[in-house]
2 protein chains.
Amino acid sequence: MSNIYFLEKYKNADIYIKREDLHPFSFGGNKVKIAQEIFADMEEKGCTSVISFGSPTSNMNRAIAHMAASKGITCRVVMKTEGRDARTMPMNERLVRESGAYVTECAPSEVRETIIRVMEEARSAGEKPYYIYGDSSGHGNEEVLMRAYGKQYWPIREYERQEDVKFSDIFLAVGTAATISGLMASISEGCEVDEPRIFLHGISVARKEEAVREAIQRFLASCGYDTPQCLGLADITDAYLGGGYAGTAASPVRMLIDEKMRTLGLPLDPVYTGKAYYGMLREIDRLGITGSVLFIHTGGMPLFFDYWQER
Amino acid sequence: MSNIYFLEKYKNADIYIKREDLHPFSFGGNKVKIAQEIFADMEEKGCTSVISFGSPTSNMNRAIAHMAASKGITCRVVMKTEGRDARTMPMNERLVRESGAYVTECAPSEVRETIIRVMEEARSAGEKPYYIYGDSSGHGNEEVLMRAYGKQYWPIREYERQEDVKFSDIFLAVGTAATISGLMASISEGCEVDEPRIFLHGISVARKEEAVREAIQRFLASCGYDTPQCLGLADITDAYLGGGYAGTAASPVRMLIDEKMRTLGLPLDPVYTGKAYYGMLREIDRLGITGSVLFIHTGGMPLFFDYWQER
């Protein structure tokens, strides 16, 4: 079942969209796909509880919390709450708190020690906890996080074949870099049977280019991929960060979100997909891209409604 | 592409769900499918603007407003605003207002005269307006409204064939009754080639049983269906209205909404789908239904987030 659709024409480019947000569980998105891999690995390792980490707007925390609740598994969430507006709680945080997960708030400088403390709490409660990012510094589980997108070249290629279209470029939002790293690995595998032709564009939503590249290198290296070859398949840009991660997107992004809802019935949000869509249009301008491109809508329906609530 | 999934076991029933809310345009739902039929008919009739009508929480108004905006067609919305809480504007109303539609508010006692006035406004602006419900009393367009679900027996049957499952019962929320009337017509056509075996259960979300039955009779008669035969295919109940239409569902419905989000990652809302899902479980209890049943999730994502905002 394909979730790819033709969306709109922009200058000389035909924009198609892969709607990961239309997955049936918990508003979908790439994080639900990643959560499925995490829980499969967790069961294989015989762990009995899960620990997630992220900001109050994190889609990952929500996906993990709902999946844990659906399976009756104890879930702990470490939430980096810096800069949260006390008046309005993001929908993702509400959903996490309502899921029955145990939430521990922490400052950005206390993440590591808080993760360690929460892991100890879980162990002294008799659990065998699974921290989704690996060790307390957030490394060691790259292979599992990459897995969900590590085969995604093939369904995209299958859609191309069925619909007689060839994508020259794929655009997507990049946060933790797990999704783009998986796609790079998968496209690199595709290059072994097809001519290399799809170029990835990662629009960073939070970090500077250098930090994103380092994260990607760590992901690829952990799975034994030829990093320089893979890096040649993608461009990373931090030119569309706006005011940074937490929904402080610049007003052109907000205007774009309004326009795409109105004219395409498409929900985007200011934290992830709105920045990425805006960045895609500017990159199409800058590079003079023509032909067919694919935008991966990585999800985040609750963030769309946060935005709408605040307008 | 099927949007039917196995959802959960309840007592001796296997509940499957048809996720109309996962349609890619404007949060989907049955109203987006109905809007597609309306715009097709409108173009055939050479009309140049569209008029919708409904409450501030209406999914239909939102679907019509977005589809009009996406096509560059002028849209007027008559909004029955009785009982609205002035502090919180429903997401559907926000989306309608942001779509560029002209909104005219009216009291419940003034609907007819307001529709007439707005139609005259449109005509004096040089438009050939199309009122989605027909004439000013809301009759005359039953056939078009029914069309979207008038063929839905066949994809359901195709899913049954592919997945080797047979549904004994279908449950859905009933408001205007357009969707259930279409389904009744389609199942009645199915009975000409298959043995009659699927029974429909319409859970009224707003009106008393008698009023719903009258509406269904009007829909079926307008399309020349054998009304008594079709009525034999469905049961209508108003036992789960709770406090009435506008999100004042009784607390068991609210508890169910919370539980289904938590344990199934499934968004329901207190106006439509939450009442219907609650009603389905109670009817399964009451009638001792076993085997496979299908719940039609008729959409309403913005209403889920209204509910979540108010909790």
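What you are looking at is a predicted structure, and each value in this text was computed from that prediction instead of being measured.

With that out of the way, let us pick up the overall build of chain A. The helix and strand inventory of chain A stands at twelve helices and ten strands. Counting only C-alpha atoms and orienting by the principal axes, one finds that chain A spans roughly 60 × 45 × 35 Å. Out of the 311 residues in chain A, the part that is buried amounts to 52%. If you take every contact in chain A between residues at least 6 apart in sequence, the share linking residues at least 24 apart comes to 76%.

Residues and elements named next belong to chain B. One can find Tyr272 in the loop between α10 (251-264) and α11 (273-287). Sequence-wise, Tyr272 and Ile203 are 69 residues apart; in three dimensions their C-alpha atoms are separated by 9.0 Å. Not counting residues within four places of it along the chain, the set of residues in contact with Tyr272 comprises Ala173, Gly175, Val205, Thr298, Gly300 and Leu303.

Turning our attention to the relation of the copies chain B and chain A. Mapping chain B onto chain A calls for a rotation angle of 180° and an axial translation of 0.0 Å; the resulting RMSD is 0.0 Å. Overall, the copies show the geometry of a two-fold rotation axis. Across chain B, the smallest distance between a C-alpha and the rotation axis is recorded for Leu22(B), namely 2.6 Å.

Note on interface size: it is often stated as the accessible area lost on association of the parts. Every contact between the two is made by 24 residues of chain B and, on the other side, 24 residues of chain A. Put simply, the parts of the chain that give the side of chain B that touches chain A at least two residues each are α2 (59-71), α3 (91-98), α10 and α12 (301-310) of chain B. Here the side of chain B that touches chain A is composed, by residue class, of eleven nonpolar, eight polar and five charged.

Residues and elements named next belong to chain A. With respect to the secondary-structure elements, Gly279 resides in helix α11 (residues 273-287). Sequence spacing of Gly279 and Ala239 is 40 residues, and the spatial spacing of their C-alpha atoms is 7.7 Å. Non-local contacts of Gly279, meaning those with residues more than four positions away in its chain, are made with Ile203, Thr237, Ala239 and Tyr240.

With 13 residues, α2(B) should cover 18 Å at 1.5 Å per step; its first-to-last C-alpha distance of 18 Å lies within 8% of that length. Burial of α2(B) is extensive: eleven of the 13 residues sit out of reach of the surface. When we look at burial in α2(B), the residues that qualify are Asn59(B), Met60(B), Asn61(B), Arg62(B), Ala63(B), Ile64(B), Ala65(B), His66(B), Met67(B), Ala68(B) and Ala69(B). Each element contacted by the buried residues of α2(B) is listed here: α10 (251-264) of chain A together with α1 (30-44), β3 (49-54), β4 (74-80), α3 and α12 of chain B. Two residues or fewer past α2(B), Gly72(B) is found with a positive phi of approximately 70°.

Criteria and cut-off values
- Residues numbered from 1 in each chain as written.
- Chains lettered and ligands numbered in written order.
- Predicted model: local features only at pLDDT ≥ 70, side-chain atom pairs only at ≥ 80, totals over all residues.
- Helix = DSSP H or I, 4+ residues; strand = E, 2+ residues; numbered from the N terminus.
- Buried ≥ 20, exposed ≤ 12 C-beta atoms within 10 Å, placed from the backbone.
- Contact = placed C-beta atoms within 7 Å.
- Least-squares fit on C-alpha atoms with pLDDT ≥ 70 in both.
- Nonpolar A, V, L, I, M, F, W, Y, C, P; charged D, E, K, R; others polar.
- Expected span 1.5 Å × (residues − 1).

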